[in-house]
Every structure is written in structure tokens, then in C-alpha cells.
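Listed below are the residues making up each chain.
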Amino acid sequence: MALENMQQQCNRHRGKAVVIRTKDGNEHRGIIQHVDNRHVYLQPLNGGRNLGGFGYGFGGYSYRGRGFGLGIAIGAIATLALIPFFFW
């Protein structure tokens with residue numbers, strides 16, 4: 001999927017719980033807090049224990065110190081799926 005399409009899809013689902021699978025096989029569950037030109041920022045659902053991409057070029061643990069959570073590069077996203085409420 002093109003980067004622009006993935007960015008638009010992430011923007012449409014801002015504030016919703018999602019599962020993001022990256023191209024290297026990592027899975028991240030969280031609520032989309034912010035989307036910019038390069039990253040999607042998730043508030044982890046499991047208390048911050050799933051930092052699979054941290055330190056591998058997928059972004060930092062915060063967005064400019066504002067506490068948006070885990071940053072995942074848009075180019076690294078393979079799939080994005082919504083999580084129903086009963087999975088919380």
C-alpha cells in the first residue's frame with residue numbers, strides 16, 4: 001500500500017484501537033493518538049510493554065516530549081486493523 005494511502009487510513013482511524021503489524025513481523029496494539037508525515041503514534045493498550053519497534057528506526061517512545069506513546073514509521077506498516085471493544 002502506498003505511504004499516502006496508509007497515512008490517510010491511519011488519520012481516518014485516529015482515536016480508535018488498532019493492531020498494526022509491521023513488515024518485520026512485530027505487532028503493536030494501541031489507540032492512534034497522532035499521525036504525521038513519517039510516523040503513527042500509539043498509546044499502548046497493554047501498559048507500554050509492547051515496544052517491539054523501539055530502537056529499530058521505527059520512531060521514539062514519545063512525540064517531541066508530548067507523551068503520544070510508541071512511534072511507528074508509516075513505511076514500516078504492513079497491515080492496520082481495528083480492534084473491537086471487547087478485546088480491551
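Note that the structure is predicted; figures quoted are calculated from it, not measured.

A. Quick look at the overall build of the chain. Within the chain one finds 1 helix and 5 strands. Ordered by position from the N terminus, the helices and strands of the chain form the series α-β-β-β-β-β. Of all 88 residues assigned to the chain, the portion counted as buried reaches 41%. Long-range contacts, defined as pairs at least 24 residues apart, comprise 56% of the intrachain contacts of the chain with a sequence gap of at least 6. Just so you have it, the chain exposes about 5300 Å², and 50% of that area is on carbon and sulfur atoms.

B. Summary view of the sheet that holds strand S1 (residues 17-22). The 5 strands lie next to each other as S4-S3-S2-S1-S5, forming an open sheet whose pairing is antiparallel. The outermost strands of the open sheet, each flanked by one partner alone, are strand S4 (70-73) and strand S5 (77-82). For this sheet the average axis-to-axis angle between neighbouring strands, irrespective of direction, equals 45°. Where S1 meets strand S2 (residues 27-35), 5 bridges bridge the pair, whose relative direction is antiparallel. Of the residues in S2, the one forming a bridge with Ala-17 is Ile-31.

C. Highlighting the pattern of salt bridges. With the rule as written, the count across this model stands at 2 salt bridges. Salt-bridge contacts for Glu-27 lead to Arg-21; the nearest nitrogen and oxygen are separated by 3.0 Å. Between Glu-27 and Arg-29 there is a salt bridge, with the nearest N and O atoms lying 3.2 Å from each other. On the basis of relative accessibility, which here comes to 37%, the residue Arg-29 falls in the partly exposed class. Each of Arg-21, Glu-27 and Arg-29 takes part in salt bridges that share partners, so that together they form one network.

D. A look at the nonpolar core. Counting 13 residues, the largest nonpolar core has Cys-10, Ile-20, Ile-32, Val-40, Leu-42, Ile-77 and Leu-80 as its most contacted members. Mapped by element, the contributors of at least two residues to this core are helix H1 (3-12), S1, S2, strand S3 (39-44), S4 and S5. If we skip the residues at most four places from it in the chain, Ile-32 touches Cys-10, His-13, Arg-14, Gly-15, Lys-16, Val-18, Val-40, Tyr-41, Leu-42 and Leu-80.

Thresholds applied
- Residues numbered from 1 in each chain as written.
- Predicted model: local features only at pLDDT ≥ 70, side-chain atom pairs only at ≥ 80, totals over all residues.
- Heavy atoms only, no water.
- Helix = DSSP H or I, 4+ residues; strand = E, 2+ residues; numbered from the N terminus.
- Buried < 20%, exposed > 50% of the residue type's maximum accessible area, 1.4 Å probe, protein only.
- Contact = heavy atoms within 4.5 Å.
- Areas by Shrake-Rupley, 256 points an atom, 1.4 Å probe, with all protein chains shown as cover.
- Pairing = 2+ DSSP bridges.
- Axes fitted to C-alpha atoms, helices over the stretch in contact; angles between N-to-C directions.
- Salt bridge = Lys/Arg side-chain N within 4 Å of Asp/Glu carboxyl O.
- Core = buried A, V, L, I, M, F, W, Y, C linked by side-chain atoms within 4.5 Å.

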